[in-house]
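What follows is the residue order along each chain.
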Amino acid sequence: MNAWLAEHVRPPRSRRQPRHEVRQYAGKRTFDVVMASVLLLVLAPVMVLAFVAVRATSPGGAVFRQVRVGALQRPFVLLKFRTMVRDCSHEAHEAFVRQMMSGDDPRSRDGLYKLDNDPRVTRVGRILRRTSIDELPQLVNVLRGDMSLVGPRPALPWEVELFPASASSRFLVRPGLTGLWQISGRNRLTMLDGLRLDVEYVTRPALWTDLRILLVTPLTMLRGGAR
C-alpha cells in the first residue's frame, strides 16, 4: 500500500506544507482511542448488516478505500462502506467541486461536495449516506491515528490543490469523522463555508468543543443532515 501511495499521490505543494506538530489538546488522542473502541463494539451489529447489504445488492466489495490528505498534509487511506456502483467515473463530481471553488455554486439546495440525485449512488448507498452509516469504518482510521473523532473533513488530494492559502491551518489537526461543518448545516454550505469552519475549529481546539460536536452529530443525522 505504501508503494501505491508513492506512485499515485502527488506531494502537496511545498509552499503549503505545514512545518508543525499535530495540534491537539492534552488527552485528545486517548479520548479518540477509547471512544472509537467503544463505538466499534456498540455499532458492530450495524456495521455487519451494512456490510452484508452492500455485498448482497451490488457487485463489488463492501468497503471502499480512497486516498485522503490528513494532518500535516500526509496522505492516508480512508475507509468507508461503498455507496456507489463499482468502477464509476468521478469526473462529474470533480467538475462540480471545481465550479464551487471558483465561486459559482451550481446547487439549488444540495449539500457540501454532493451531487443531487447522483446516478452513481446505489439504493442501499442512499440509505447509508442519509444515516451516515457509510462513515462508520472510519472508526478504524481513528484507531490507526489517521483521523480523530472530531476535526476537519478529510480532503481529496486534488481538492487540496484548489484550497486557498487561508485554509492551510486546517491541516494542523487530524481530519475528523465529524466536525463543525457537519453540525452547521452542511447541506446548505458552500465549500468555502466549510473550509472557514475547518479553520475556526483549529483556532479553538478543546475537549468541550469536541464533546458538543459529538453530542449534536446524531441529532443532525436524524434530521437528515447527511446525504
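As the structure is a prediction and not an experimental result, all values here were calculated from the model.

Asker: Help me understand the overall build of the chain in this model?
Answerer: Scanning the chain from N- to C-terminus turns up nine helices and four strands. Sequence-ordered secondary structure for the chain, helices as α and strands as β, is α-α-β-β-α-α-α-β-α-β-α-α-α. For the chain, with 227 residues in total, the buried portion stands at 48%. Contacts in the chain between residues far apart in sequence, at least 24 positions, make up 76% of those at least 6 positions apart.

Asker: When you look at the pattern of salt bridges in this model, what are you seeing that I'm missing?
Answerer: Note that side chains of opposite charge can pair when their charged atoms are close. Scanning the model with the defined rule gives seven salt bridges in all. The salt bridge involving R170 is made with D198; its shortest N-O contact spans 2.7 Å. Residue R170 is found in the loop between α6 (157-160) and β4 (176-178), and its partner D198 is found in helix α8 (residues 191-203); the two are separated by 28 residues along the sequence. Judged on exposure class, the residue R170 and its partner D198 are both buried. Here R204 ties to E200 by a salt bridge, and the two come within 2.8 Å at their closest N and O atoms.

Asker: What exactly am I supposed to notice about a nonpolar patch on the surface here?
Answerer: Together, V34, V38, L41 and V42 line one region of the surface with nonpolar side chains, adding up to about 390 Å² of accessible area. Mapping V34 onto the fold places it in helix α2 (residues 28-57).

Asker: Sorry, what's going on with the environment of P59 here?
Answerer: Mapping P59 onto the fold places it in the loop between α2 and β1 (63-69). Relative accessible area serves as the criterion here: at 56%, P59 is assigned to the exposed category. Taking the C-alpha atoms as reference points, P59 and V85, separated by 26 residues in sequence, lie 7.5 Å from one another. Excluding its chain neighbours within four sequence positions, the residues that come into contact with P59 are R82 and R86.

Asker: Even after reading the chapter, I still don't get the pairing of strand β2 (residues 75-81), so can you show me in this structure?
Answerer: Within a regular strand, the side chains alternate between the two sheet faces. Among the seven residues that make up β2, six are buried, leaving the element largely enclosed by the rest of the structure. As paired elements, β1 and β2 share seven bridges and run antiparallel to each other. From the neighbouring strand, Q66 faces β2, where its bridge partner is L78. Hairpin connection from β1 to β2: five residues lie between these consecutive antiparallel strands, with L72 at a positive phi of about 60°.

Asker: How should I be thinking about the packing of aromatic side chains in this particular structure?
Answerer: Given two aromatic rings, their pairing is described by the distance between the two centres and the angle made by the two planes. Scanning all chains against the criterion turns up one aromatic pair. Taking the centre distance of 6.3 Å and the plane angle of 25° together, the rings of F163 and F171 count as stacked. Judged by relative accessible area, F171 falls into the buried class, the value being 3%. Between the NZ or CZ atom of R170 and the centre of the ring of F171, over which it lies, the distance is 5.1 Å.

Asker: It is not clear to me how the side chain of E135 should be interpreted in this structure. Could you clarify?
Answerer: By the element assignment, E135 lies in the loop between α4 (123-131) and α5 (138-144). You can call E135 buried: its relative accessible area is 16%. With sequence-adjacent residues up to four places away left out, E135 is seen in contact with K80 and L177.

Asker: Is there a simple way to think about the confidence of the model for the chain in this case?
Answerer: Atomic detail in the predicted coordinates should be set aside for any region of low pLDDT. Per-chain confidence: the chain averages 83 in pLDDT, with 74% of residues scoring 70 or above. For the stretch residues 1-19, pLDDT sits under 50, and the model shows 26 contacts to residues farther than four places along the chain or on other chains. Every residue in residues 108-113 scores below 50 in pLDDT, and together they form 23 contacts with partners more than four places removed in sequence or on other chains.

Asker: Would you take a moment to explain the nonpolar core for this structure?
Answerer: Nonpolar side chains in soluble globular proteins tend to end up buried together. In this structure, L128, L139, L149, L180, Y201 and I213 are the most contacted members of the largest nonpolar core, which totals 30 residues. For this core, the secondary structure elements donating two or more residues are α2, β2, α4, α5, β3 (148-150), α7 (180-183) and α8. Among residues more than four places away in sequence, those in contact with L139 are A36, L39, L40, L43, L149 and L177. Counting 11 residues, the second largest nonpolar core, distinct from the first, contains L156, A167, F171 and L195.

Asker: Explanation requested: unusual backbone geometry in the structure shown.
Answerer: A negative phi holds for most residues other than glycine; trans holds for most peptide bonds. Here the phi dihedral of L72 falls at roughly 60°; this positive angle occurs in a residue that is not glycine. Residue placement: L72 occurs in the loop between β1 and β2. Although it is not a glycine, Q73 adopts a positive phi angle of roughly 60°. Tracing the backbone shows Q73 in the loop between β1 and β2. For Q73, a relative accessible area of 4% puts it in the buried group.

Definitions and limits used
Residues numbered from 1 in each chain as written. Predicted model: local features only at pLDDT ≥ 70, side-chain atom pairs only at ≥ 80, totals over all residues. Heavy atoms only, no water. Helix = DSSP H or I, 4+ residues; strand = E, 2+ residues; numbered from the N terminus. Buried < 20%, exposed > 50% of the residue type's maximum accessible area, 1.4 Å probe, protein only. Contact = heavy atoms within 4.5 Å. Salt bridge = Lys/Arg side-chain N within 4 Å of Asp/Glu carboxyl O. Patch = residues over 30% accessible without salt bridge, like charges linked within 9 Å, V, L, I, M, F, W, Y side chains within 5 Å. Areas by Shrake-Rupley, 256 points an atom, 1.4 Å probe, with all protein chains shown as cover. Pairing = 2+ DSSP bridges. Phe/Tyr/Trp six-rings, centres within 6.5 Å; stacked < 30°, edge-to-face > 60°. Lys NZ or Arg CZ within 6 Å of the ring centre and 35° of its normal. pLDDT = per-residue confidence, 0-100. Core = buried A, V, L, I, M, F, W, Y, C linked by side-chain atoms within 4.5 Å.

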